[in-house]
Amino acid sequence: MSPSEYEKIVFEIVEGIHEAESKGALRPQYGSRNRVIGLSGYKHQIDVSLTVARSLYLLECKRWSGQVGVAEILVLAGRISDIQAAHPNHIVKGLMVSTTRATRGADQLAKHFNIQIELATSAHEFGIRIGTTVLVGVAERFGIADYCSAEIIKAKRPL
């Protein structure tokens with residue numbers, strides 16, 4: 001799975017809120033053209049964003065084999081700060097969505113900057129909390145196999 005396919009999976013997870021929530025309009029967006037302008041004038045590329053009423057959620061998606069580190073949290077914190085300054089009527093929140101856990105330093109900084117770190121390993125195996133909504137993945141299909149083994153003994157005379 002490529003990083004852009006991973007972003008699409010996270011987007012589909014977030015888009016699922018649309019069906020789960022009936023309050024207000026939700027506007028999820030994703031991809032390389034998803035840009036949010038900060039007070040600096042810079043157009044930040046955001047992997048997945050979601051606007052819910054007066055809240056703007058910025059989701060950075062990391063499909064890595066290694067852990068999310070300090071640098072990634074600091075970059076997201078900088079984006080949040082710049083975008084929040086440009087949108088004073090919104091509450092801008094950041095989420096780091098990853099296939100792997102973060103380092104201790106990244107966890108420490110995420111707590112300081114109020115950035116959530118969420119694991120989403122696949123579209124069927126995830127849990128993401130956005131605001132007060134918790135999304136939990138459920139497999140679309142599954143199979144159950146049941147079997148038994150038996151030994152057939154052919155008796156020479158009836159039992």
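A. Spatial organisation of the nonpolar core. Membership of the largest hydrophobic core comes to 16 residues, with the highest contact counts inside it found for Leu56, Leu58, Ile73, Ile80, Ile83, Val92 and Ile115. If you list the elements that add at least two residues to this core, you get strand 5 (55-62), helix 3 (70-86), strand 6 (91-98) and helix 4 (104-112). Of all the elements, helix 3 adds the most residues to this core, at 5 residues. Aside from chain neighbours lying at most four places away, what touches Val92 is Leu56, Leu58, Ile80, Ile83 and Gln84. In this structure, Phe11, Tyr57, Val97 and Ala120 belong to the second largest nonpolar core, which totals 11 residues.

B. Main features of the pairing of strand 5. Strand 5 sits mainly inside the fold: 8 of its 8 residues count as buried. Across the two faces of strand 5 the burial is the same, with Ser55, Tyr57, Leu59 and Cys61 and Leu56, Leu58, Glu60 and Lys62 all buried. Here strand 4 (residues 48-52) runs beside strand 5; their pairing, made up of 5 bridges, is antiparallel. Counted as the bridge partner of Thr51 is Leu56 from strand 5. The pairing of strand 5 with strand 6 spans 8 bridges and is parallel. Bridging from a neighbouring strand, Leu56 pairs with Val92 of strand 6. Crossover connection from strand 5 via helix 3 to parallel strand 6: handedness right-handed.

C. Main features of a nonpolar patch on the surface. Among the surface-exposed residues, Val70, Leu74 and Phe113 lie close enough to one another that they form a single nonpolar patch of about 230 Å² accessible area. With respect to the helices and strands, the residue Phe113 is situated in the loop between helix 4 and strand 7 (115-122). Phe113 sits in the partly exposed class, given a relative accessible area of 36%.

D. Region of the structure containing the side chain of Gln116. Along the chain, Gln116 falls in strand 7. At 2.9 Å, the side chain of Gln116 forms a polar contact with the side chain of Glu118.

E. Here's a closer look at the layout of surface pockets. Of the pockets and cavities examined, the second largest pocket occupies roughly 190 Å³. Residue lining of the second largest pocket: Arg27, Gln29, Asn34, Arg35, Val36, Ser49, Thr51, Leu56, His87 and His90, and that is the complete set. At the level of secondary structure, the elements contributing two or more residues to the lining of the second largest pocket comprise strand 1 (26-30), strand 2 (35-37) and strand 4.

F. Structural context of the pattern of salt bridges. Throughout the structure, instances matching the rule amount to 1 salt bridge. Across the pair Glu60 and Lys62 runs a salt bridge whose closest N-O atoms are separated by 4.0 Å. Accessibility expressed as a relative area gives 7% for Glu60, which makes it buried.

Scoring rules and cut-offs
- Residues numbered from 1 in each chain as written.
- Predicted model: local features only at pLDDT ≥ 70, side-chain atom pairs only at ≥ 80, totals over all residues.
- Heavy atoms only, no water.
- Core = buried A, V, L, I, M, F, W, Y, C linked by side-chain atoms within 4.5 Å.
- Buried < 20%, exposed > 50% of the residue type's maximum accessible area, 1.4 Å probe, protein only.
- Helix = DSSP H or I, 4+ residues; strand = E, 2+ residues; numbered from the N terminus.
- Contact = heavy atoms within 4.5 Å.
- Pairing = 2+ DSSP bridges.
- Right-handed = clockwise from strand over helix to strand, strands pointing away.
- Patch = residues over 30% accessible without salt bridge, like charges linked within 9 Å, V, L, I, M, F, W, Y side chains within 5 Å.
- Areas by Shrake-Rupley, 256 points an atom, 1.4 Å probe, with all protein chains shown as cover.
- Salt bridge = Lys/Arg side-chain N within 4 Å of Asp/Glu carboxyl O.
- Polar contact = N/O pair within 3.5 Å; in protein donor to acceptor, adjacent residues only side chain to side chain.
- 1 Å grid on protein atoms, 1.4 Å probe; cavity = no way out; pocket = protein on both sides within 12 Å on 5 of 7 lines; lining within 4 Å.
- Points joined across faces, edges and corners; volume = space filled by probe spheres on them.

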